[in-house]
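Each chain, written out:
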Amino acid sequence: MRTIIAIALLCLAGTAMSGEDQRMHLVQPKGPELALTKLVRTNDLFAEFSGQVWVAGTVVGRWPAGATNLNYKEPDYLLVPDQDAAAQLPYFVLREPPYFNQYKVRSIELINGAKALRIAAGEERTRRLLERRVNHVRVSGRFLIEQYVVGVECDAPWAKAILVKAELPEQAAASNAVPEGC
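Residues numbered from 1 in each chain as written. Predicted model: local features only at pLDDT ≥ 70, side-chain atom pairs only at ≥ 80, totals over all residues. Heavy atoms only, no water.

Enquirer: How should I be thinking about the overall build of the chain in this particular structure?
Expert: Summing up its helical and strand segments, the chain has five helices and ten strands in all. Residues counted as buried form 36% of the 182 residues belonging to the chain. Restricting to contacts in the chain with at least 6 residues of sequence separation, those with at least 24 account for 62%. Total accessible area on the chain is roughly 11,500 Å²; 54% of this is exposed by carbon and sulfur atoms. (Helix = DSSP H or I, 4+ residues; strand = E, 2+ residues; numbered from the N terminus. Buried < 20%, exposed > 50% of the residue type's maximum accessible area, 1.4 Å probe, protein only. Contact = heavy atoms within 4.5 Å. Areas by Shrake-Rupley, 256 points an atom, 1.4 Å probe, with all protein chains shown as cover.)

Below is the structure:
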């Protein structure tokens, strides 16, 4: 009798867990060369990926309350993907009638911080930010990221990754410059 009750409780617990899986889905759009390596659905909700993917957008290094506010020891380092790039990155969807929320990524925290900004914006612009001579630095282009992690916390999406390489429009124009002649 006790074993029957124990089995029934395990079945109910399994049903409750599968119900949770039904509510929150991980969407993995086709295209990116990212492979799911870990999916956590306990107290936290996040997914880790291996591989690299190019993301079009803007890298931003900024002091959260301005360069003169000394309450912050480090600037924020973010990659803000453009709308098309964000749609191609993995994200979570909540399906719990009457609610349907897509937690598409709005920004990606760059784990390698100042190094990522140096890759994207160069040494001089990064130095000016770190010396608090400017409030922010922005660079638009295409950026190669790896170790992508995406999650949902407090009903808001979050993501983080390592920036590996940058392709900026002015770099492409300079490399394709036509030699001058008479």
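Don't stop here, the text continues.
Enquirer: Please explain the pattern of salt bridges as it appears in this structure.
Expert: If charged atoms from side chains of opposite charge come close, those side chains can pair. Scanning the entire structure with this criterion turns up six salt bridges. Between Arg127 and Glu131 there is a salt bridge, and its shortest N-O distance comes to 3.0 Å. Under the relative-accessibility criterion, Arg127 is labelled partly exposed at 30%. Looking at Glu131, the relative accessible area reads 41%, which means it is partly exposed. In this structure, the salt-bridge partner of Glu131 is Arg133, at a minimum N-O distance of 3.5 Å. Among the charged side chains, a salt-bridge network with shared partners connects Glu124, Arg127, Glu131 and Arg133. (Salt bridge = Lys/Arg side-chain N within 4 Å of Asp/Glu carboxyl O.)

Enquirer: Quick question: what am I supposed to make of the packing of aromatic side chains here?
Expert: Aromatic ring pairs are defined here through the distance separating the ring centres and the angle between the ring planes. Summed over all chains, the structure comprises two aromatic pairs. Ring geometry for Phe46 versus Trp158: centroids 6.4 Å apart, planes at 45°, classification tilted. Of this pair, Phe46 sits in strand S3 (residues 45–50) while Trp158 sits in strand S10 (residues 156–167), placing them 112 residues apart in sequence. Taking the relative accessible area as the measure of exposure, Trp158 reaches 25% and is therefore partly exposed. With a centroid separation of 5.8 Å and 40° between ring planes, the pair formed by Phe49 and Tyr148 is classed as tilted. Of this pair, Phe49 sits in strand S3 while Tyr148 sits in strand S9 (residues 136–153), and the two are 99 residues apart along the sequence. (Phe/Tyr/Trp six-rings, centres within 6.5 Å; stacked < 30°, edge-to-face > 60°.)

Enquirer: Whenever I open this one, the nonpolar core confuses me. Can you help?
Expert: Inside soluble globular proteins, nonpolar side chains tend to come together where they are buried. Among the nonpolar cores identified, the biggest contains 40 residues, and Phe92, Ile108, Phe143, Tyr148 and Val150 are the most heavily contacted of them. Top element by residues in this core is S9. It accounts for seven residues. (Core = buried A, V, L, I, M, F, W, Y, C linked by side-chain atoms within 4.5 Å.)

Enquirer: Could you clarify how one ought to interpret the sheet that holds strand S6 (residues 91–96) in this entry?
Expert: Two strands in a sheet stick together by hydrogen bonds in their backbones, pointing the same way (parallel) or opposite ways (antiparallel). Strand order in the open sheet formed by three strands is S1-S6-S7, and the pairing between neighbours is antiparallel. Looking at the sheet topology across the chains shown, the edges are occupied by strand S1 (24–27) and strand S7 (99–103). Mean inter-strand twist for the sheet, computed between neighbouring axes without regard to direction, equals 20°. Sheet topology places S6 next to S7; five bridges connect them, and they run antiparallel. In the strand pairing of S7, Arg95 is matched with Phe100. (Pairing = 2+ DSSP bridges. Axes fitted to C-alpha atoms, helices over the stretch in contact; angles between N-to-C directions.)

Enquirer: Teacher, can you tell me more about the confidence of the model for the chain here?
Expert: In low-pLDDT segments, the atomic positions of the prediction should not be examined closely. Counting all residues, the mean pLDDT for the chain is 82, and 80% of those residues have values of 70 or more. This stretch, residues 172–182, has a pLDDT under 50; its non-local contacts, to residues over four places away or in other chains, come to zero contacts. (pLDDT = per-residue confidence, 0-100.)

Enquirer: Even after reading the chapter, I still don't get unusual backbone geometry, so can you show me in this structure?
Expert: Note: most peptide bonds trans; most residues except glycine with negative phi. Even without a glycine there, the phi angle at Arg132 is positive, about 65°. For Arg132, the location among the structural elements is in the loop between helix H4 (123–130) and S9. Residue classification places Arg132 among the partly exposed residues on the basis of a relative accessible area of 23%. One non-glycine residue, Gln147, lies in the positive phi region at around 55°.

Enquirer: In this structure, what is going on with the pairing of S10? I would like to understand it.
Expert: As a general feature of sheets, a regular strand has side chains that alternate between the two faces. By the bridge criterion, two bridges tie strand S8 (residues 108–110) to S10 in an arrangement that is parallel. Bridge pairing in S10 places Glu109 opposite Lys160. For S9 and S10, the ladder comprises ten bridges, and the chain directions are antiparallel. In the strand pairing of S10, Glu146 is matched with Ile162.

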